[in-house]
Every structure is written in structure tokens, then in C-alpha cells.
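Take a look at the letters that make up each chain.
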Amino acid sequence: MLRYHGAWRITVVGRSADFDQRAVVRGPYGSRVLAGRVGAALEIDEESWTLSLEHHLWGRSWQPNLRTTPGPVTERDGIRSQLLTSNDCHWPGKPLDYVNFVLRLDQALAPAPTQLRAARVTGVPVAAPVQAVRTSSSGWSEPGAPAPGDAVPAVPTVPAVPAAVPGQSGRRAAW
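Remember, predicted model here, so these are calculated numbers, not experimental data. (Residues numbered from 1 in each chain as written. Predicted model: local features only at pLDDT ≥ 70, side-chain atom pairs only at ≥ 80, totals over all residues. Heavy atoms only, no water.)

**Some details on the overall build of the protein chain**
Stage number 1. Along the backbone of the protein chain there are zero helices and eleven strands.
Stage number 2. For the protein chain, the N- to C-terminal ordering of α and β elements is β-β-β-β-β-β-β-β-β-β-β.
Stage number 3. Residues classed as buried in the protein chain amount to 25% of the 175 residues present.
Stage number 4. Pairs at least 24 apart in sequence give 55% of the contacts found in the protein chain among residues at least 6 apart. (Helix = DSSP H or I, 4+ residues; strand = E, 2+ residues; numbered from the N terminus. Buried < 20%, exposed > 50% of the residue type's maximum accessible area, 1.4 Å probe, protein only. Contact = heavy atoms within 4.5 Å.)

**Observations regarding the pairing of strand 2 (residues 20-27)**
Stage number 1. Taken together, the seven bridges between strand 2 and strand 4 (residues 41-56) define a ladder with antiparallel strand orientation. Paired with Asp20 across the strands is His56, a residue of strand 4.
Stage number 2. Pairing of strand 2 with strand 3 (residues 30-35) involves six bridges; the strand directions are antiparallel. Paired with Val24 across the two strands is Val33, which belongs to strand 3.
Stage number 3. The turn joining strand 2 and strand 3, which pair antiparallel and follow one another in sequence, is formed by two residues. (Pairing = 2+ DSSP bridges.)

**Considering the nonpolar core**
Generally speaking, a soluble globular protein has its nonpolar side chains buried in company with each other.
Stage number 1. Counting 17 residues, the largest nonpolar core has Ile10, Trp49, Leu51, Leu103 and Leu105 as its most contacted members.
Stage number 2. For this core, the element with the highest residue contribution is strand 4, accounting for five residues.
Stage number 3. Excluding its chain neighbours within four sequence positions, the residues that come into contact with Trp49 are Leu2, Arg3, Tyr4, His5, Gly6, Trp8, Ile10, Val25, Arg26, Gly27, Ile44 and Leu105. (Core = buried A, V, L, I, M, F, W, Y, C linked by side-chain atoms within 4.5 Å.)

**Observations regarding the pattern of salt bridges**
Two side chains carrying opposite charge are able to pair once their charged atoms lie near each other.
Stage number 1. For the structure on display, the rule yields eight salt bridges.
Stage number 2. Between Arg22 and Glu54 there is a salt bridge, with the nearest N and O atoms lying 2.7 Å from each other. Of this pair, Arg22 sits in strand 2 while Glu54 is found in strand 4, placing the two residues 32 residues apart along the sequence. For the pair formed by Arg22 and Glu54, the shared burial category is buried.
Stage number 3. Among the salt bridges present, the one from Asp77 reaches Arg76, with a minimum N-O distance of 3.9 Å.
Stage number 4. The class for Asp77 is exposed, based on a relative accessible area of 72%. (Salt bridge = Lys/Arg side-chain N within 4 Å of Asp/Glu carboxyl O.)

Function cannot be inferred from these measures alone, as they are strictly geometric.
Given below as C-alpha cells:
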């Protein structure tokens, strides 16, 4: 029996067995069974849970597989994966390391937190209003443009959208 934590997806990726196979997940909220058909999948999201692989001998009840071997945990493109291989039972002449049931477990990793860069350039907040500065190359020498020393026309402001008025069910107030 193997113990896991958190959210994982279990997928049957291989089966070469005479007997039915299954994976059984046991956690604090009960048990779930994943049928041993290639392509079958089960998603688990519990704080702590166990996984066991079983086979069904003809005329008997479900039995734990003889050997379950967890492969190394790998990480690629934000996914942590592990292969589990299993041998259901031993028969004379059958190699002890024979694999007849294979599962892949995948866990999506949380994105690594990025460090925020300072939002200030020379002490001025990035979102601070910018004041226009007249230069000789600003092109204001055309007719009708302000002459040097004239006030720069202000940019008109747009009034803020009024907040919802109580009793109007989220509709905006009429102005």
C-alpha cells in the first residue's frame, strides 16, 4: 500500500494479465475503485490517501497484488509524474519481476511564485500622472499651437462611473 498527499490523477497505462486488475484508493472520505482497463482514469484530491493494486483470481475475492514497484517521481512542464508497475501473482516459470499492470500518477504543480520587481523608477510611482513638458522638437510651432509661455491646455477628465445605489439591484444610478 502506497501513501500519497493532495491532488493526483491516476491513469491505467498498461495491462497484460489473465486476471481482472484494479486500483483501490482509500482516504478519509471513503474508498474509490479504478477499473484495470487501459485508459481508465480517476482523480483524487484529499489531504492524505493510500493506493493499493489488486487482482481477481477466478472464483476468489479480490487479492492484493504480489508486488507493486513505484518508479521515480519526475517533473516536466509543471507536472509531477510517477509510474507504478505491478505483478499480480507468481506462477512457476513466470519471472518474479514480470509486470502485468501499470499505472501513471500525475500531479499538477503550483506555479512558482515570481518575485515582483519594484514598481518605482527614480522614486516616482509607475501609475503617477505625467505632466507634458514642452520642448523645441514637440512640433508646437504650427499655426494655432500655443506660443512659448502659454499655458498648456488641460486634458479633459472623464467622470467616474457612479456606484450602484442601494435598492436598485446592481443597476447604475441615473445622472
